Amino acid sequence: MSAMGKLVRLGVVDDHPAIAAGVPSGLEGLLPLAPGVVVATTVDELIDAEPALDVVLLDVRLQDDSTPAGNVRRLVDRGWSVLLYTQVSQVPTIAACLGAGAMGVVGKHEDWSVLADAIGSVMRGEDHLTADWAAALEHLAAERPPALAPREAQVVRLYAAGLPLKSVARRLGVAEDTAKEYLTRAKRKYFDVGRPVSTRTDLYLRAVEDGLLDSERS
């Protein structure tokens, strides 16, 4: 459970309102929650609200062009402990989030008691990883994804999903040559970690493997 005698000031970032709204009631009686759980659909929205929080439950896959690891980093920089609360199962994505400072991961299919225990662990300053996740992350150690900068990751995600480079540049508000340079840097980083890409299909497969894209093209 939580740190003894302390109310848990909880924040939730999730762009599925029904899920976010259900968290306080689901945890009722399992954790001593402080009144007024703060719910936001984006990390920007939560930060702009300037709440006093102990733990933030973060949905890994948000639909605002943000990157999962970047979201974790921004929350951690605010002094908040981050627990991933997600349906995402791509190991590279979760690994990147943990590397950015998240303290654990709980699947949305888990019982409320599992989530409550995980929040309690985080409140005590302890990481929360199941044996399955720990084993998967250990297996991944030999095949680390490249450390893409946020703009590089955005270009890879959009271009691999099928957008022409000109449309990618327009979407990001940059020149086409700039978008091309981001793409070139990303490809070079994949080459440097021993996972070269030579076609758009190769890039799509890498983006799916690394959690930048879902397994079905949108």
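Since the model is a prediction, treat every value here as computed from it, not as a measurement.

As for the packing of helix α7 (residues 150-160) against helix α10 (residues 200-209)
Packed helices, taken two at a time, are described by the angle between their axes plus the distance between the axes. Taken N-terminus to C-terminus, the directions of α7 and α10 make an angle of 120 degrees; their axes are 9 Å apart at the nearest point. Classified by the angle their axes make, α7 and α10 are oblique. The two elements α7 and α10 meet at a crossing, and its hand is left-handed. In contact with V156, Y159 and A160 of α7, α10 contributes R200, L203, Y204 and A207.

Here's the deal with unusual backbone geometry
Of note in this structure, E50 is not a glycine but carries a positive phi near 50 degrees. Position of E50 among the secondary structure elements: in the loop between α2 (43-49) and β3 (55-58). Even without a glycine there, the phi angle at D65 is positive, about 70 degrees. A relative accessible area of 35% places D65 in the partly exposed class.

What counts and how
- Residues numbered from 1 in each chain as written.
- Predicted model: local features only at pLDDT ≥ 70, side-chain atom pairs only at ≥ 80, totals over all residues.
- Heavy atoms only, no water.
- Axes fitted to C-alpha atoms, helices over the stretch in contact; angles between N-to-C directions.
- Helix = DSSP H or I, 4+ residues; strand = E, 2+ residues; numbered from the N terminus.
- Parallel < 35°, antiparallel > 145°, perpendicular 65-115°, else oblique.
- Left-handed = near helix turned anticlockwise from the far one by under 90°.
- Contact = heavy atoms within 4.5 Å.
- Buried < 20%, exposed > 50% of the residue type's maximum accessible area, 1.4 Å probe, protein only.

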